[in-house]
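An overview of the molecular structure
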Amino acid sequence: IAKISEEKEKHGDKEECIKLGIQEFAKDMPERAFVMQLKAEDLTNEEISLRIDRTLPATKEFVSQTYKKFRPYIEHCREGNK
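None of the values given here were measured: they were computed from a predicted structure. (Residues numbered from 1 in each chain as written. Predicted model: local features only at pLDDT ≥ 70, side-chain atom pairs only at ≥ 80, totals over all residues. Heavy atoms only, no water.)

1. Looking at the nonpolar core
Membership of the largest hydrophobic core is limited to 8 residues, which are Cys-17, Phe-25, Ala-33, Met-36, Phe-70, Tyr-73, Ile-74 and Cys-77. Counting only elements with at least two residues in this core, the list comes to helix H1 (2-28), helix H2 (30-40) and helix H4 (56-74). For this core, the element with the most residues is H4, which contributes 3 residues. Excluding residues that lie within four positions of it along the chain, Ile-74 makes contacts with Ile-18 and Gly-21. (Core = buried A, V, L, I, M, F, W, Y, C linked by side-chain atoms within 4.5 Å. Buried < 20%, exposed > 50% of the residue type's maximum accessible area, 1.4 Å probe, protein only. Helix = DSSP H or I, 4+ residues; strand = E, 2+ residues; numbered from the N terminus. Contact = heavy atoms within 4.5 Å.)

2. What about helix H3 (residues 45-52)?
Residues Asn-45, Ile-48, Ser-49 and Ile-52 constitute the buried set of H3. Looking straight down H3, one finds its buried side chains confined to an arc of 105°; they lie on one side. Summarising the geometry of H3, the exposed residues directed more than 90 degrees from the buried face are Glu-46, Leu-50 and Arg-51. On the buried face of H3, the contacting elements are H2 and H4. Trailing H3 by a residue or two, Asp-53 shows a phi angle of about 55°, which is positive. (Arc of directions from axis to C-beta.)

3. Remarks on the side chain of Ser-49
Assignment of secondary structure puts Ser-49 in helix H3. Taking relative accessible area as the criterion, Ser-49 reaches 7% and is therefore assigned buried. Among all residues touching Ser-49, those that are not within four sequence positions of it are Arg-54, Thr-55, Leu-56 and Thr-59.

4. Some thoughts on the state of the cysteines
The full count for this structure, using the stated rule, is 1 disulfide. Paired through a disulfide, Cys-17 and Cys-77 show a sulfur-sulfur distance of 2.0 Å. In this structure, the disulfide formed by Cys-17 and Cys-77 twists by about -85° around the S-S bond and is classed as left-handed. Of the two residues, Cys-17 sits in helix H1 while Cys-77 sits in the segment after H4, which places them 60 residues apart along the sequence. The same class applies to Cys-17 as to Cys-77, namely buried. (Disulfide = S-S within 2.5 Å.)

5. A few points about the packing of aromatic side chains
Under the definition given, this model contains 2 aromatic pairs. Ring geometry for Phe-25 against Phe-70: centres 5.1 Å apart, planes inclined by 65°, an arrangement best described as edge-to-face. Here the residue Phe-25 occupies a position in helix H1, and Phe-70 occupies one in helix H4, the gap between them amounting to 45 residues. Considered together, Phe-25 and Phe-70 belong to a single accessibility category, that of buried residues. With 5.1 Å between their ring centres and 75° between their planes, Phe-25 and Tyr-73 make a pair best called edge-to-face. Of the two residues, Phe-25 is situated in helix H1 and Tyr-73 in helix H4; the sequence distance between them amounts to 48 residues. Phe-25 sits in the buried class, given a relative accessible area of 1%. Here the aromatic cluster, defined as three or more aromatic residues joined through ring pairs, consists of Phe-25, Phe-70 and Tyr-73. One residue, Arg-54, lies across the ring of Phe-62, its end atom 4.1 Å from the ring centre. (Phe/Tyr/Trp six-rings, centres within 6.5 Å; stacked < 30°, edge-to-face > 60°. Lys NZ or Arg CZ within 6 Å of the ring centre and 35° of its normal.)

As structure tokens, this is what we get:
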């Protein structure tokens, strides 16, 4: 039983860590955080391109770079959970 609650606690900590990472990312890069939110809402790159007023190729690149820039904000959340 202790093992189960320990796992839940780790999972909760990880979720909290990711939430904080998203908040920090949004402070540092609000436009990129907005694009991530749109992706989370299952919008296509084409729909996003209309929202952010960029061409489709530019939007695809922007989305790709956004994920790369976001990774360091949550990388530490995975440590010890492998």
